[in-house]
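Structural characterization, general
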Amino acid sequence: MAGPTRYPHIVVHPPALDGSRRVTEGEVTLGLASHLDDVIEILRLADLDRIEVEESDLIDWIGGGPDDWPGLSEHEL
């Protein structure tokens, strides 16, 4: 008999002073994101790309949701 299915618990932490957000699974830091696309790529690299980033109950967005990236602008170089 197989054990229970393990679901990842992903946390996108509050923005740092530069607007970036740390992405973790449990105690493990998966990466640092500066945009929603970065979160998607970090999860893909961790083989978690089946998670629907903006709507999943498996991701806790702390300090703002997937559209909150204060201090950054896509127009900045």
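Read on for an overview of the structure. (Residues numbered from 1 in each chain as written. Predicted model: local features only at pLDDT ≥ 70, side-chain atom pairs only at ≥ 80, totals over all residues. Heavy atoms only, no water.)

It is worth spelling out the sheet that holds strand β1 (residues 10-12) at this point. Ordered in space as β3-β2-β1-β4, the four strands form an open sheet in which the pairing is mixed. Among the strands making up the open sheet, the edge pair consists of β3 (28-33) and β4 (59-61). Averaged over all pairs of adjacent strands, the angle between strand axes in this sheet comes to 20°, irrespective of strand direction. Against the sheet, helix α1 (residues 36-45) makes contact with β1, β2 (21-25), β3 and β4, and its axis sits at roughly 145° relative to β3, the strand it touches most. (Pairing = 2+ DSSP bridges. Helix = DSSP H or I, 4+ residues; strand = E, 2+ residues; numbered from the N terminus. Axes fitted to C-alpha atoms, helices over the stretch in contact; angles between N-to-C directions. Contact = heavy atoms within 4.5 Å.)

Turning to the packing of aromatic side chains, a few remarks are in order. Going through the model one piece at a time under the given rule, you end up with zero aromatic pairs. Sitting above the plane of the W69 ring, R21 keeps its charged end 5.2 Å from the centroid. (Phe/Tyr/Trp six-rings, centres within 6.5 Å; stacked < 30°, edge-to-face > 60°. Lys NZ or Arg CZ within 6 Å of the ring centre and 35° of its normal.)

On to the nonpolar core, then. In this structure, I10, V23, V39, L43, V53, I59 and W61 are the most contacted members of the largest nonpolar core, which totals 14 residues. No other element matches the four residues that α1 contributes to this core. (Core = buried A, V, L, I, M, F, W, Y, C linked by side-chain atoms within 4.5 Å. Buried < 20%, exposed > 50% of the residue type's maximum accessible area, 1.4 Å probe, protein only.)

Burial analysis of β2 places four of its five residues in the buried class, which makes it a mostly covered element. Two strands pair when backbone bridges link them, and β2 and β3 are joined in this way by five bridges, in the antiparallel orientation. Paired with E25 across the strands is V28, a residue of β3. Following β2, the chain reverses through two residues before pairing antiparallel with β3; G26 in that reversal takes a positive phi of roughly 65°.

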